[in-house]
Amino acid sequence: MKKKILALTLSMMLAFTMDDGGEMKTLMEETSEEYLSDGIQHISITRQTSDGPVEIDVLKIDMDNRYTDLKPVYSEEISKRDKLTSIANEWSATGAVNGDFFNMANPSFTFGTLMDGDDIISSPNSNLYNFPTIVKNGSDFDISIIEPSMTLVVDDEKLPVAAVNKIGAFNGEIIVLNSAWGEESMGSTETRPLVEIVVYRNKVKSINIGEDSVDIPSSGYVIVFNANNTEILDKFKIRDKVSLDVDFGFDIDDIDWASGGVNYLLKEGQEGDYNNDVLGRHPRTAIGFTEDEERAYLITVDGRSEDSIGMLQSELIELMLDLGCWNGVNLDGGGSSEMVVDYYGKGDYEIVNSPSDGYERLLVSGLGVFDSHPRSSRIKSLDVFDISEKLFKEQYLSFEVKAYNKYKVPVAVSDSKLDIKVSGLDYRKDRDGIRFLESGTAEVKVSYGSVRCEFNVEVLGDVMEIYSSIDDISLNEDSEYEIPDLMGVDENGYTATIKASEMDWSVSGRIADIDEGIIETGSKSGKTVLEGDFQNGEIYIPLAVGSVENLIEGFEDIDNIVLTQYPDDSNGRVISHSKSREGSRSLKLFYDFTTMKPDDQSIAFLDFGENGMVLQDEPESLSMWVYGDKSDHWLRCRVTDANGTMHKIDFEKEIDWYGWKEVRAQLPEDISYPVVLDNIYIAEIDNDKADKGYIYIDGLKAHYPLGLDGVEIPEGSAVEDLLMNVPEEYDVKLQINATGSEVLENSNPVDGNENLVFVELSTLYGSIGSSDSLQWDKLMALKEYEDKTIVIKTDIDYSEIKSRERQTLDNYLEYLNENNRLFMVSASTGEADAGIRYEDGMRFIRYSQYFTLYMMDGESNYDYK
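Residues numbered from 1 in each chain as written. Predicted model: local features only at pLDDT ≥ 70, side-chain atom pairs only at ≥ 80, totals over all residues. Heavy atoms only, no water.

**As for helix 3 (residues 313-323)**
- Where burial is concerned, most of helix 3 is hidden: 8 out of the 11 residues are buried.
- Taken residue by residue, helix 3 has Gln313, Ser314, Glu315, Leu316, Ile317, Leu319, Met320 and Leu323 as its buried positions.
- Positive backbone phi, approximately 105°, marks Gly324, located one or two places after helix 3. (Buried < 20%, exposed > 50% of the residue type's maximum accessible area, 1.4 Å probe, protein only. Helix = DSSP H or I, 4+ residues; strand = E, 2+ residues; numbered from the N terminus.)

**Considerations on the pattern of salt bridges**
- Taken as a whole, this structure holds 29 salt bridges when the rule is applied.
- Glu443 is the partner of Lys445 in a salt bridge, and the nearest nitrogen-oxygen pair spans 4.0 Å.
- A residue is classified by how much of its surface remains accessible, and Glu443, at 25% relative accessible area, is partly exposed.
- A salt bridge links Glu654 to Lys689, with the nearest nitrogen and oxygen atoms 3.8 Å apart. Of this pair, Glu654 sits in the loop between strand 55 (646-652) and strand 56 (658-666) while Lys689 sits in the loop between strand 57 (675-684) and strand 58 (692-705); the two residues are 35 residues apart in sequence, bridging distant segments of the chain.
- For Glu654, a relative accessible area of 35% translates into the label partly exposed. (Salt bridge = Lys/Arg side-chain N within 4 Å of Asp/Glu carboxyl O.)

**A short note on the layout of surface pockets**
- Counted as a void, the second largest pocket has a volume near 1,300 Å³.
- Around the second largest pocket, the lining comprises 26 residues; the ones closest to its centre are Tyr359, Leu362, Gln601, Trp634 and Ile685.
- Put simply, the parts of the chain that give the lining of the second largest pocket at least two residues each are strand 54 (634-640) and strand 57.
- Broken down by class, the residue content of the lining of the second largest pocket amounts to 9 nonpolar, 5 polar and 12 charged. (1 Å grid on protein atoms, 1.4 Å probe; cavity = no way out; pocket = protein on both sides within 12 Å on 5 of 7 lines; lining within 4 Å. Points joined across faces, edges and corners; volume = space filled by probe spheres on them. Nonpolar A, V, L, I, M, F, W, Y, C, P; charged D, E, K, R; others polar.)

**Side note on the packing of aromatic side chains**
- Counting across every chain of the model gives 23 aromatic pairs.
- Across from the ring centre of Tyr627, 4.7 Å away, lies the NZ or CZ of Lys579, which sits over that ring.
- If you follow Arg581 out to its NZ or CZ, it ends over the ring of Trp625, 3.9 Å from the centre. (Phe/Tyr/Trp six-rings, centres within 6.5 Å; stacked < 30°, edge-to-face > 60°. Lys NZ or Arg CZ within 6 Å of the ring centre and 35° of its normal.)

**Digging into helix 1 (residues 84-91)**
- If you check which residues of helix 1 are buried, you get Leu84, Thr85, Ile87 and Ala88. Buried residues of helix 1, viewed axially, fall in a sector of 165°; they line one side.
- Buried residues along helix 1 sit against strand 5 (68-74), strand 6 (95-98), strand 25 (339-341) and strand 26 (350-351).
- Ser92 sits one or two positions beyond helix 1 and adopts a positive phi of about 60°. (Arc of directions from axis to C-beta. Contact = heavy atoms within 4.5 Å.)

**Some details on empty space enclosed by the protein**
- In this structure the tally under the stated criterion is 2 cavities of 30 Å³ or more.
- By volume, the largest cavity amounts to about 60 Å³.
- Looking at the lining of the largest cavity residue by residue, the class counts come to 5 nonpolar, 6 polar and no charged.

**Here's the deal with the sheet that holds strand 35 (residues 440-448)**
- Within the open sheet, the 4 strands sit side by side as 29-36-35-32. Their pairing is mixed. Whereas interior strands pair on both sides, the edge strands pair on one side only; in this sheet they are strand 29 (390-392) and strand 32 (419-423). Geometrically, the sheet is characterised by an average inter-axis angle of 35° between neighbouring strands, direction not taken into account.
- Bridge count for strand 32 against strand 35 is 5 bridges, and the pairing is antiparallel. Following the sheet pairing, Lys421 is matched in strand 35 by Lys445. (Pairing = 2+ DSSP bridges. Axes fitted to C-alpha atoms, helices over the stretch in contact; angles between N-to-C directions.)

**A closer look at the pairing of strand 8 (residues 119-122)**
- The pairing of strand 7 (residues 114-116) with strand 8 spans 3 bridges and is classified as antiparallel. Its bridge partner being in strand 8, Met115 is matched across the sheet by Ile120.

**Quick notes on the environment of Leu734**
- Within the fold, Leu734 resides in strand 59 (residues 732-737).
- Residue Leu734 is classed as buried on the basis of its relative accessible area of 1%.
- Taking the C-alpha atoms as reference, Leu734 lies 6.6 Å from Tyr854; in sequence the two are 120 residues apart.

**Let's talk about the pairing of strand 10 (residues 140-145)**
- Of the pairings in the sheet, the one linking strand 9 (residues 132-137) to strand 10 comprises 6 bridges and is antiparallel in character. The residue bridging Thr133 from the neighbouring strand is Ser144, located in strand 10.
- Hairpin remark: strand 9 followed by strand 10, antiparallel, with 2 residues in the connecting loop; positive phi at Gly138, about 65°.

**Comments concerning the side chain of Ser188**
- Checked against the element boundaries, Ser188 lands in the loop between strand 14 (175-177) and strand 15 (194-200).
- The buried category is assigned to Ser188, whose relative accessible area is 16%.
- With near-sequence residues (within four places) excluded, Ser188 lies in contact with Pro193, Leu194, Gly210 and Glu211.

**Things to note about unusual backbone geometry**
- A cis geometry characterises the amide bond from Tyr566 onward to Pro567, with omega recorded as -5°.
- The omega torsion across Tyr673 and Pro674 is 0°, close enough to zero to call that bond cis.
- Residue position: Pro674 is located in the loop between strand 56 and strand 57.
- You will see that Asp617, though not glycine, has its phi angle at about 55°, which is positive.
- Tracing the chain through its elements places Asp617 in the loop between strand 52 (613-615) and strand 53 (621-629).
- Overall, the relative accessible area of 60% leaves Asp617 in the exposed class.

**With respect to the sheet that holds strand 62 (residues 789-794)**
- Strand order in the open sheet made by the 5 strands is 61-62-63-65-64, with mixed pairing throughout. Each edge of the sheet is formed by a strand with only one pairing partner; in this case those strands are strand 61 (756-761) and strand 64 (835-839). Averaged over all adjacent pairs, the angle separating strand axes in this sheet is 15°, with direction ignored.
- Sheet topology places strand 61 next to strand 62; 6 bridges connect them, and they run parallel. By the bridge assignment for strand 62, Val757 is matched with Ile790.

Here it is, written out as structure tokens:
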């Protein structure tokens, strides 16, 4: 989960317009801002839309601030990829985003232009691709499509150059590699014989035909072409004078930098002409400029996840216009989209967005923002974030403090030097913090010398009921599991988070120990029930330790095992061997990683036939015995689920043992069954570990949950809802029967009623918008109401609505509930399924026969069955 920092402003906006082209509707937008300096702001935007949530991060840059700069950042050797955090650290950037498209193979290079002053890091691409280049010259920015012209002049003869620091098929083209490429040239291979001509101080120093790589001089370059092009080769002789002439449409001696992009999305305030290579809703990265070029914006949009669905290019244009951009360029997106920030200028970079790959992709370049304010540790302002704004009595108050100097640059401050004062409620303070003794609202003031900030905390009533996000827990023997946070409910239906470590836990059966919310199992298997208590709340969670195992491959013969190797010139092999852990035979895998290319990887796959091995039923994990060689190589498997999604799962990050050891690979909780085991493999990505060796594999098993049949689960505590009763008198009665009919008594219709609002939504397909897009309009219209009782009826249980829409609804309903009383109701499949769940005073009700709401003088009561 990414760390969100609430800073100087927190605003809530509502927009209810449909973008051109039928894009998503925005229901709600929450924005938080923080200063990295008075010239740089990090803005986090969360949009709740009709299609799902969208997470946006922006670096807002004051280009008129003399201590602020914007320029490209790139790896020390452009042919080698690196993490953005490493690249930004190498340049000491305050923040950075990923840059241009790049070649993901090795060697790598940017697709478009990359220049640092007059140094060509990577030449422009042909304008056939329509890729724009951003050129900074002083305080001016120019964005245009460049048609590059590059020639080598040898004895007054001009030879066209295809690219600088890019490579192609090496048919008839000439490329040039300078020191930005790396220390060495590419060198020839058996399948790709090259001529590499070293030019030093404008003279040919050496001509190398079909040889290994050569050193690239810092005051020169290497000319590269196919060795079969003898016509070109004949034009060069040792000590010949050579010059490289370039024409990019601008004076390269008179620019600060140039950087390529993907699409010229926004041109002079209007939608630009962009290519179709990056259509669809994806993670995005972009750069934009205001009309006066006094502000620049680096933007990332998360995507391809339930937390953020990404954006269309047209939606990205609208976002840039909303920010005030006049011109804007789309950069590389997808798994490359990333933003990093170094808050305290110490090289400790935080990834502030959520890359869709789940980790940092190796990149070639980015755009960095730099702060050069004078360093000052004198604190001029404080801010608080990650505040526990709602909590129960006896819970510790938690928050974080960030301090700023006069330039609004973050300054590290010790918590021990902060003075904290609380008013409005009785509390107890100990070495672990502050705990409140009564319910209500408290004011908290935090001071550092004469600098102060303050915030309010709402302390709820006693906990009466406790929810958990998990229904049961299944663990292996000798394992550890941390119980996730729980939700407590007070007598009025208001909720706050309870950490598992704050609860009192007990477990019977002696099959596990639990301390501070962490379960530790031993060698004993069995079934039991966990009991958790906090104030008046009780919860019971069934626990199973152990599993049912099924041998799926004993390796008594290996006829169905196929060894596949990468690179394909590796010399590994597999044999059946008498050294075994179970049965009489095992598989012995000889791996050969010595052919691994620089900055590449080596893998030895053990494929289970052409179509893999179908695993029966629904296993939760796989295990096998491995006789290790302490090589520290990576041991994994690949499985494909019922949706065709391939999952890479670890057995062990490193083979760091000798002898037999049982290893286990846990299947993802959200995997779709049935599952096919494609292969097991050993891999290495570190060139320093490119060795040969062997391991033995035996006893491959699938493990299935032990099950909880026969476990008696006591009823946990429940809220005695003060609103749940049938009053003797009422003005309006709204009854919703299981058949879906509504009965309104006392001749007071719901439509036009001053206190009650009723909305019925069709959600038969698990979605609000799929059956009728106008249903979102019904929901959005509710924003106009205050001090109303709002009843929203859905066809299916709220929990069955698609997760993306539900996340949007969660936030929108929370917003509506701030000024209204909210009921979400749906029919259940039977009386046993009828029930209620509370959240921040909202009531989510499943009824089997009826739900009835009573209104009297604006006050509401309810009943259901």
